[in-house]
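If you want the building blocks of each chain, they are given just below.
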Amino acid sequence: MRESTPRSSVLTRIYQSIEWFGATVFAGSDRRARDHGWQVVETGRLNRLYRDPRFAQFVRCAWCEGAGCDSCAGTGRVVRGSVRSGR
Ligand SMILES: [Zn+2]
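These numbers were taken from a predicted model, which means no experiment stands behind them.

**So, the environment of Ser71**
Logical step 1: Take Ser71: it is sitting in the loop between strand E3 (58-60) and strand E4 (77-79).
Logical step 2: In this structure, the C-alpha to C-alpha distance between Ser71 and Cys61, residues 10 residues apart in sequence, is 7.9 Å.
Logical step 3: When neighbours within four sequence positions are excluded, Ser71 is seen to be in contact with Cys61 and Trp63.

Structure (structure tokens):
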């Protein structure tokens, strides 16, 4: 089907409407997330993934394998680079 056919024009308008709707609905959430330094990834026209990049600094505690211990204050996670070898 060519781009200029009426059917593709209708589909294009539907897709554009969905994109507009998604951008409108998520505009506030996207702005707040970016204001906080979060990553915003559009995983679909009506889907978003919000992620705080600070979570990338954490790694599983080598002492307890994530179960929680005194070395990680019971969280099972420690800051990357601050880990002593547990093994
Ligand atoms: Zn631990």
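**Looking at unusual backbone geometry**
Logical step 1: The phi dihedral of Glu65 is positive, around 60 degrees, even though this residue is not glycine.
Logical step 2: Take Glu65: it is sitting in the loop between E3 and E4.

**Quick word on the pairing of strand E2 (residues 47-51)**
Logical step 1: With respect to burial, E2 is a largely exposed element, only zero of its five residues being buried.
Logical step 2: With five bridges joining them, strand E1 (residues 39-44) and E2 adopt antiparallel strand pairing. Looking across to E2, one finds that Gly44 is bridged to Asn47.
Logical step 3: Hairpin connection, E1 to E2: the antiparallel pair is bridged by two residues.

Criteria and cut-off values
- Chains are numbered independently. Their residues run from 1 in the order of the written sequence.
- Per-residue local features of the predicted model are confined to residues with pLDDT of at least 70, and side-chain atom pairs are confined, for both listing and counting, to 80 or more; whole-chain, interface and lining totals are unaffected and use all residues.
- The helix and strand labels rest on DSSP assignments: H or I over at least four residues marks a helix, E over at least two residues marks a strand, and numbering proceeds from the N terminus.
- Contacts are defined on C-beta atoms placed from the backbone: any two residues whose C-beta positions lie within 7 Å are in contact.
- Exposure criterion: with C-beta atoms placed from backbone coordinates, a residue whose C-beta has 20 or more other C-beta atoms within 10 Å is buried, one with 12 or fewer is exposed, and one in between is partly exposed.
- Criterion used throughout: strands pair if DSSP finds at least two bridges between them.

Spatial relationships are all this shows, so hold off on functional conclusions.
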